Each structure stands twice: as C-alpha cells, then as structure tokens.
Amino acid sequence: MANAAYIYDAIRTPRSRGKANGTLHEVKPVQLAAGLLREMQSRHDLDTARVGDVVLGCVSPVGDQGSDIAKGAVQAAHWDEAVSGVQLDRFCGSGLEAVNTAAAKIVAGQEDLMVAGGVESMSRVPMGSSGGAMYLDPDMIMDQRAVPQGIGADLIATIDGYTREDVDAFAMESQRRAAHARDSGWFDKSVVPVRDEGGLTILKRDDFIKPDTDMQKLGALNPSFAAMGSYGFDDMALSKYLEVARINHVHTPGNSSGIVDGSAAVLIGSEQAGKDLGLTPRGRIVQATMVSTDPVIMLAGPGPAAKKCLEKAGLTVNDVDLWEINEAFASVAMRYMKDLGIDHEITNVNGGSIAMGHPLGATGAMLVSTMLDELERRNAKRAMLSLCIGGGMGISTLIERV
Amino acid sequence: MAFAYEKDANGIVSVTMDMDGPVNAMNDAFLPQFLEAVDRIEAEEDLKGVIWTSAKETFFAGGDLNMLKSITPDGVEALFESVEGTKAVMRRLEKLPVPIVAAINGAALGGGYEICLACNYRIASENPKTKIGLPEVTLGLLPGGGGTVRLTWLLGLEAAMPFLLEGRQVSPSKALATGLVHEVVAPDQLLERAREYILSVQGNETAAVQPWDTKGYKIPGGPSNSPKNAPRIAGATAMLFKKTKGLMPAPTRILDIMTEAAGRIDFDTAQRYESRRFASLTPLAPTKNMIETLFFGMNKVNGGASRPKDIPRSKVQRLGILGAGMMGQGITYSAAMAGIPVVLKDTTLTAAERGKAYTEKLLTKRVEKGRMTTEQRDAVLALITPTNKAEDIKGCDLIIEAVFEKIDVKNAVLSEHEELLAEGGFWGSNTSTLPITRLAEKSAKPANFVGLHFFSPVDKMPLLEIIAGDETSDETLARAFDFARQIKKTPIIVGDKTGFYTSRTIGTKMLEAAQLVAEGQDPLRVDNLSRLTGMPTGMLSLLDEVQLKLVDDIYNTQVQMGLQDPADEATPEARKLVHDLITEHDRLGRATGKGFYEYTADGKAIWSGLAAWRKEGSDLPDQDIQDRIMFRAILETLRCLEEGVLRSVADGNVGSILGIGAPVHTGGYIQFVNTYGLDSFVSRCDELAKLYGDRFAPPEILKNHAADQIAFR
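Residues numbered from 1 in each chain as written. Chains lettered and ligands numbered in written order. Predicted model: local features only at pLDDT ≥ 70, side-chain atom pairs only at ≥ 80, totals over all residues.

Novice: Would you mind going over the sheet that holds strand β5 (residues 108-109) of chain B in detail, with residue names and values included?
Specialist: All names here are of chain B. If you trace the three strands from one edge of the open sheet to the other, you get β5-β7-β8, paired in mixed fashion. With one partner strand each, in any of the chains shown, β5 and β8 (169-170) form the two edges of the open sheet. Direction of pairing for β5 relative to strand β7 (residues 132-133): parallel, over a ladder of two bridges. Residue Ala108 lies in a different strand from β7, and its bridge partner there is Ile132. (Pairing = 2+ DSSP bridges. Helix = DSSP H or I, 4+ residues; strand = E, 2+ residues; numbered from the N terminus.)

Novice: Can you lay out the domain arrangement of chain B for me, pointing to particular residues and giving the numbers?
Specialist: You can read the domains of chain B as domain 1 (3-283), domain 2 (319-495) and domain 3 (502-644 + 677-708). One C-alpha centre belongs to domain 1 of chain B, the other to domain 3 of chain B; they are set 46 Å apart. (Domains from an automatic or database assignment.)

Novice: Describe the pairing of strand β4 (residues 100-104) of chain B, naming the residues involved and giving the relevant values.
Specialist: Along a regular strand, successive side chains alternate from one face of the sheet to the other. All names here are of chain B. For β4, the tally of buried residues reaches five of five residues, placing the bulk of the element in the interior. Burial along β4 is two-sided: Ile100, Ala102 and Ile104 and Val101 and Ala103, pointing in opposite directions, are all buried. Examined bridge by bridge, strand β3 (residues 49-54) and β4 share three bridges and lie parallel to one another. Looking at the pairing, Val50 lines up with Ile100 of β4. Relative to strand β6 (residues 121-125), β4 is paired through four bridges, and the arrangement is parallel. Within β6, the position partnered with Val101 by the bridge is Tyr121. (Buried ≥ 20, exposed ≤ 12 C-beta atoms within 10 Å, placed from the backbone.)

Novice: Before we move on, can you summarise the confidence of the model for chain B with the specific residues and values?
Specialist: Here chain B averages 97 in pLDDT, and 100% of its residues register 70 or above. Here the predicted complex scores 0.95 on pTM and 0.93 on ipTM. (pLDDT = per-residue confidence, 0-100.)

Novice: An account of the interface of chain A and chain B is requested, with residue identities and associated values reported.
Specialist: With 18 residues of chain A at the contact, the number on the chain B side is 25 residues. Elements that contribute at least two residues to the side of chain A that touches chain B include exactly α4 (133-136), α5 (138-144) and α9 (226-238) of chain A. Of all the elements, α9 of chain A adds the most residues to the side of chain A that touches chain B, at five residues. Taken together, the residues of the side of chain A that touches chain B break down into ten nonpolar, four polar and four charged. (Contact = placed C-beta atoms within 7 Å. Nonpolar A, V, L, I, M, F, W, Y, C, P; charged D, E, K, R; others polar.)

Novice: Lay out the packing of helix α19 (residues 502-518) of chain B against helix α24 (residues 622-643) of chain B in plain terms, naming residues and giving numbers.
Specialist: All names here are of chain B. Where α19 contacts α24, the axes come no closer than 8 Å and their chain directions differ by 155 degrees. With respect to α24, the element α19 is oriented roughly antiparallel. At the point where α19 passes α24, the crossing takes the right-handed sense. Along its contact with α19, which presents Arg504, Thr505, Thr508, Lys509, Glu512, Ala513 and Leu516, the element α24 presents Ile625, Arg628, Ile629, Arg632, Ala633, Glu636, Thr637 and Cys640. For the contact of α19 with α24, the class distribution of residues is six nonpolar, three polar and six charged. (Axes fitted to C-alpha atoms, helices over the stretch in contact; angles between N-to-C directions. Parallel < 35°, antiparallel > 145°, perpendicular 65-115°, else oblique. Left-handed = near helix turned anticlockwise from the far one by under 90°.)

Novice: Quick one: what's the story with helix α14 (residues 363-378) of chain A, residue by residue and with numbers?
Specialist: Residue and element names in this part refer to chain A. Taking 1.5 Å per residue as the helical rise, α14 with its 16 residues ought to reach 22 Å, and the 22 Å between its terminal C-alpha atoms agrees with that figure. Most of α14 is tucked away: twelve of the 16 residues are buried. At the exit of α14 stands Asn379, carrying a positive phi of roughly 55 degrees. (Expected span 1.5 Å × (residues − 1).)

Novice: How would you sum up the sheet that holds β6 of chain B? Please name residues and give values.
Specialist: The strands that make up a sheet pair up through hydrogen bonds in the backbone, lying either parallel or antiparallel. Residue and element names in this part refer to chain B. The mixed open sheet is built from six strands, whose spatial order is β1-β2-β3-β4-β6-β9. Since the sheet does not close on itself, it has two edges, and those belong to β1 (3-7) and β9 (183-185), each with one partner. The sheet shows a mean angle of 20 degrees between the axes of neighbouring strands, direction not considered. Of the pairings in the sheet, the one linking β1 to strand β2 (residues 12-17) comprises five bridges and is antiparallel in character. Note on β2: the bridge partner recorded for Glu6 is Ser14. Each of β1, β2 and β3 is contacted by helix α1 (residues 30-43), which is oriented at about 10 degrees to β1, the strand it contacts most.

Following this line, the structure appears as structure tokens:
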C-alpha cells in the first residue's frame, strides 16, 4: 500500500431497544451521529476543517435518516463548513463499508483524514422502510427466489446440522460474554454516553443485553420464520438446495440479532495527518474485501470474505488473534467459525449483536472499536471483522495494532 | 349484425352488442364497432347517460383465443398496439361526462367484465347462469384490457387477489357482495333499472367519474409500498411459487402489475404497462400450451371428439355399483350428485352402508360450508340405496363393478350380476390395469362391456378413462362417454393395450425416477427435481403413495399373464430396485410408513438404506434428471398415439394433465413437444438415447411429424 490507513480513534453510542419504548427513541438519528462527531472533536481537540469527508452507513436512508444524513450530522455537530459528508448503503455491511471506503481514500491519497461510521435508528425508521426491488418486487422475488434472510439463516443451520439447542447455546454465550465485558468496564473506553442538549445523560451503557437469559427462556421462544416459510418461501429456497428435504426453523428473537438504535464513528487518516494534528494511531487497516455468494441462502458470505482478505494480505488464519463476526443470526457466526476452522474462544470474545443488538448501518463500524479495545486489553495484534450482507454479500476487514 | 344504437326520449343511449356469431367477443370485428359507438356517443347532444348491454344470452365472452394462441414473437408489437387502441376507446367511454351503466344480462368474463369495469355503474341481472370474473390466469393469460389495473384500483390489492391471481368467477349475488357489481336485479327489470339509475343521478357529477379519475381517491387497503402491503406482496409471491414452482409467468406478472398499479405509477401509465406485459406474455410457451389444452383441448374432449359419431345422446337412469370400497364410494358420490339413483351393493349391508356414509360425510361438509342446504343433502342421499342383495341391482341400465383388481374376482361378480342389467344395459369394469378384452371374455354380451378407469379420490379427480375392449361396441362407448359427462367427468376413450394410456404412462416416469436411484443418483435430489418440473408431487413420493408393493404386484401379474416380457423391460434396474426394496427390506410403500421415504410423526425423510445404491460423484446435471423423467412420459404418450391407444392428441393432453399429473404449463404430454420445437425435441431425444439408452429414441410418429414440420393437433 502506498499510504497506510491509520485508525486514530473509534467510538460508538450505547445500544438500546429499537422500538418506541427504547431509551434512544427520543433521539433524532442525526443527533445520534452528531453526538459522536462532537465527542471525536473534543477528545482530540480536532480542527475539524482538516477532516476531508465523513462517510456514514445507513440502511434505511429515508424519513428522519434521509437526505444524506452524513452531511446532516456534520452540520448538526457544527463542524467546519469545509467538511463534506456522504451516506452509503451496503445493507448490514454499511458501517464497515464506510470504514473501508475511508481507508481506501486515505491509501489512495485522495484524503488525509476522514471519519467513517454509521447510524441507524431502527425505532424511528423501521427495517425495510426504504423498500427496494430485491425483496418487495414480485418479478424479482420469483426470478431470484429471493427469500427473507431468516429463511437463509435457518437453511444454513439445517445444512450444517445446528440444532435449536446449538443456536440457543450460542446465544446464551453471547449474552454472558457481553454482560461480563460491559460490567467489567471493557466497553467504557469507546462507548460514549448519549446526552441531551442540556448535558443530561439519556443512556450511558448498552441496555439491550439480557444477562439473566437461560436455555429455558430461549427454548420457549417460537421460531420466527416457520410461518413465513410455510407460505412458500421454504419451497423457493429449497428449489436451489435440492439435497435438503426441509428447512429446520431454529432461529427466534432470542438467537438472532436484536433490533436497536445506535451509531458509530471511526477517525481514519494518513500517518502525516496524524503527525500534523498530534494524534497517536491505535491501529491500522491492513486489508479489506468484499465477496458475493448465493443470494438465496444470503448469509454465507463472511467466511469466503475473510479468506479472501487473508489471502490478499498474505496471511493465514493463524496470524489473526481475534475474530469478530456480526451475529445477525447464530447460524451465521457458527458457519463462519466452521468455514475458517476457528474456535469460539477467540471469536466474538465480548459477545455480539445477539446480545447487544444490530443497528444495521452502524454495526460494522462498531466492530472496529470493540476489537481495538480488546486487542489493546489483551495486548494482541490482529483482528478480523466480518459481516454477512443481503444479496449474498460478505465483507471483511483486517485490522492490527501499531 | 353489429351494435344496436338507440337514443330514447330521455336522452339515454343504449348500445346493445350483437356481434356475428353466437357470442360477443373481442375479435377483429369488435374494435371498429366499439369505436363507432363511442364516436357517436361523444357527438351526442343532450346526452343523459349510456346503457351498455348485449343482445346475446351472455353479455360478452372475452378475448379471441384463436387469435391469441397464434401470436408469435413477431406479432407482439401489433398486439400491443391493438390492445392499446381498444383500451384508448374504453378510456374515452369512461371519461364521458355522463353516467355509463353496464347492464349485465349474462356471463361477463375476461374482456366482457373489463368492458363493465370501464363503465361507471354495473347492474347484473339475477341470471343463474351468469358468471362474473377475470379468469385469464387459468389460461396462462393476464387481463390486458384494463382489468388488472381497474380491479386493483376498485377493490384494493388484497381483495383483488383471488379474482386476478386465481381467476375466481362468481355469481351475481357474490359479485354484489364482493363489490364487482353495484346492483343485482331481476332479469326483466335490468334495462328499466339502468334507465332509472341514470335519471336518478342527473346533476350528480361524481356518478360520471370513475374512482381512478376522482381527486383524492385512495385505493382500498392502501398502496403497495405501505408497511402493511409490502410484506404481503412478497408473501403472495411466495404463495405463487408454491403453486407454480415459478413455471407459470402469468400469475407473477399479474401480481407485479397490481403492485405497480397500486400507487407506484399513475393509472394511465399502469394501463400501458399492463398492455405491454400482456402482449409479451402471449407468445410464451406456457400461455400457448394452456390455451391449447385447457381451452381448445378441453372443449374438444368434452365435446365428444373421440366419441363415436351418429349415436344418440343417452343418460343413465339407474346405476348399480358393485363393491363399496374406496372407488365404489367415490363413484356413488359423483353419480348421486348428478341426480342418478344409485344402488350400492357390497357383500354385507354394513359395508354397503359404510359406502353410503362416505357421501353423507362429504355432503355434510358442504352443508357446513354453506354450499348446500340440508334439504339438498337429504335429496342426494335419498338417491343412494345400500344393499347386500343382488336382486336390488336388477334393472339398472349401467352396472359398474368396482371390486378387487383380480381377474377371477371380477369374473365371479360379472357372472353373478350381468343378467340383472336392464334390457340393453351396459357393464363397466373399474380397473386401472386389467385387460378389458380378457375380462369381457366371460361376458354374455361383450359388446356391452366397457372399461371405466376412475381415479382416486373419485369425487375430486375430474378424469374418466374409458377403455374400449376388442368387442366393445361403438354404442357402448358412446353411452359410457355420455355417462361420464352426466356425472361431470372429462372422458377420454383409449385402446385396450397393457396399462391403457394413463397407468402405462405414469409407470414410465415413476420407474425412470427409480432407475436414477438404482444408478446411484441422490434420491432426494431426484424426487425434488421431478417435483420442480411442475408435477404435483415428486416421482419417488408418488411411487411410495401408490405403494411399491402394488407396482411390483401389477408388474408380476402382467408378466404371468404374458402382457409384459421382462426381456423388453426399459428400466430393469428400476424394477429390481423396487422388488428388492419390498422383498429384502420390507419397504412396501407409504401405507406401512416405509418406502423410498421413511414416514414418521415428524414428517418424511429419505430412507437411510438407500445409501447402498448411492454413487457419490456420479451426479448427473439437473436438466438431464428432469428430462429423463419428463421425456419418458412424453415418449410413452406419443407411442400411445402411434399405436392408436389414444384416439386424439387432445385426449393425450387433457388426460395427462387431469389424470397423471402432467405439469399444467406444458399443456400436457403431447403439446409439450409443439412448443419445445419438433426438431429440438427429436435431437434432445437422440442425445438422451445416446447417453441413457434406447428408451429415449424418438418413435416414428415423432420423426414423421418433425420431418413434415407438422405440430401435434
């Protein structure tokens, strides 16, 4: 690489239930993002005019989140008027795509300093609000055999033989790890409390985690996609998976990612920019990749994406200390570990979005802060971040401490 | 004859459609007349309203299917222009500043109802024969005369779905309840009421404005992009997949046009979009196939194309049924429903009564669903006399024997009861495999002996395969045919060769699936792929359902009787596999929970023991597996046509769809070849023969048709 893309900081909001009774529902999405920009500015006494561009992922960029929310957030944060902003959408990969886009611009020399991140207020702009042909157009659905993502998650579980107990046990562990990490203060470095304009704290720490979950409670939940599957979506998916007799519907709200509100921001720049502003790099982006796999099963992309990322970086699985795979559904994470031959001990070590929630456009950027903190805490070197993405895509980013 | 145009003293114009031919239809003659009428109305002064009605028994019959089925890809543009031309006139009609009333005197289906939708007000007469609806989808078409868009606007996405996606047709009263018409009146008051209505809304401007031209009109149930409707549309698509396996383009296009029309694009753009998708749908193979077989073929078959000519129509007055088992019960039901008195005999009265109870059960269900009154049910039940006494059968003009499939059992029943037939009566043997000529050898009057192959469950399956023995007279065949029509079955008449038409052909595709398993293919994949051709069930599942044991027994019996020579067996490995499953692994079929599948309370799973036959790494392409199964059935059907087992192409197409699960979108096992392309089909056969054996070699009849480039009609 010509220039290296350094990570100077990575922060995030806490996450809360993405419904009307969630703590963050009262906060406008533009303010969720702007709050983090203000925090970044004050933490580093940042001359914001030096930031070339702010790129934010957002999956439902309509309504409160419409009209290029990244530029809106820049203005709401009263950053210098020289700072531009762009919103992008790569479904659940948006937050990490924003990071990778920023890194690529730094590497290419197009920009010297950028903020990448994401925002999603799922309580205000519900999932699916932006419509789209891929999952709502009869022609496309029939032609592509496009099924809801949960059907794909259940199909992965069926093919790999994950039982309901297996996925519930995975979910339990996610809750346990997340609660332990939060309660041990391991998230405190990056999690920025959300405050109102008078400075009162609205939400200090993640409040979506359910540490008192047990297997019995998880086992009592009804499968989320069985009814949908019976309409014909199962048949559609299986028309492409002829060796599967029927789909075992194992996923429930308990072992799938939670619907939450949240935002994330990562400060990325060249070595020179850091020197000019007196910033100390916490890490760097080593490599980033995209893949696309079968859009019907949809969620099998992360493993191949991580493999491609390692290959391009000239590294192997053993060169990576920690792995982070977005827990869209338990089976996605389990398939990822299986694909890469890695152990749960070094994967999602502080839990994941089953416990903490998945604010769609922000999650990918949140993973950067989670992993940087943990690499530092363990004094380890590299982490791979991956997410499954609609349409069969997969995204992976390899970071390392410097 | 044309449209009668009349203006009364009140300033109301009546247009009475009376086109040449038995019905009004949207053919070449329609547009000029329609245009002329609308031109004239537009030029009227002091116009108060328009009544649109028909001089025929029906209101309007719909599109010209002969024209539509002949459209080639080159003709799409002209079709599009012509549809747009007609629709422009409809648009002018509904935009007139006076109320336009459709006076629906009889059936208004398809294009007929689309004209009604272009009127402001719809009054139907209480004519019991009147059906209203848009059945285009059942023929692989879509309502392209504005109906898809207008009905979506009128009823909303959800309420319009059954009419547009399933082609639901309703009576006038149901049409009123569902909002298809505004009023239902007695037939003799229809025109008077239409006039009265027009006069009653004078001065009310909204009465002359269509909902879609009304400012602020909201489609009931909201637009397609609403959070409630968006997932519903996706779900509806999934349901269509479940039904069509993605093989029929029409229903998906209809749903798509509805989705676009409901708020994504404006009314006029949606109309153009509908025309476009209608025009490009028309030349596709599934559309052509469905029109050819489900309309023309069905009319030919039911119209008696294979019925011996010049024999007067007859009716069965009293029916005797011997054997109150599953088949006897079902035949009893169908006959009683058609108003025929039935004597149902079994060896014990209890068994016979149990047979009658089957009809009672089905009828009670109808009563519960409000589809029948208790009086009607009791009247039907009163037609059935259960008995164990032979003399009660005396005087029946048709006796159907539905006893166990063994020649000596059938012979015994024949000798005991044949003399009880009324003078000139005829005898029907219900069998799926036993040779009729041989059964008739024991008959005193073999000319009056005919094979009647009913399908199970009889009350649901619409086909009757009539088998002509060597001695069966034309008169008997004609009477059997008439009986089939009397009980509302669709009859095909076939020759008495082993397995007749249906059993013989269904056997080939099931055994080809078994052959694939015997060769080492993954059984689940074979079963799934066969189902994905559009057959109602996978071929291995079907083998399980008909019982492996039965398939094996029938074959062995036929070999013993000299009807089959094992040396000629096309798929000996399949025969051996089925035989081994039964004899060595106790897998008799679904009834015992053990076949190719293992059946448990949790559902079914491929029996693990089949792994012994599996050859990993030998997987054939999907297309080859599907073609092997489909082509076997098609080639067998062509051989039946060649050998005269089938009397007509239409019998083969209709029989294959109604009786043995030929995929509907293919138009049946002969029509498939026409749209596949004769030459392409022959060369694919040659390819399959080279790869998989001589059973795929094209028969002479196919080669001849291909050489002469004559489609099978």
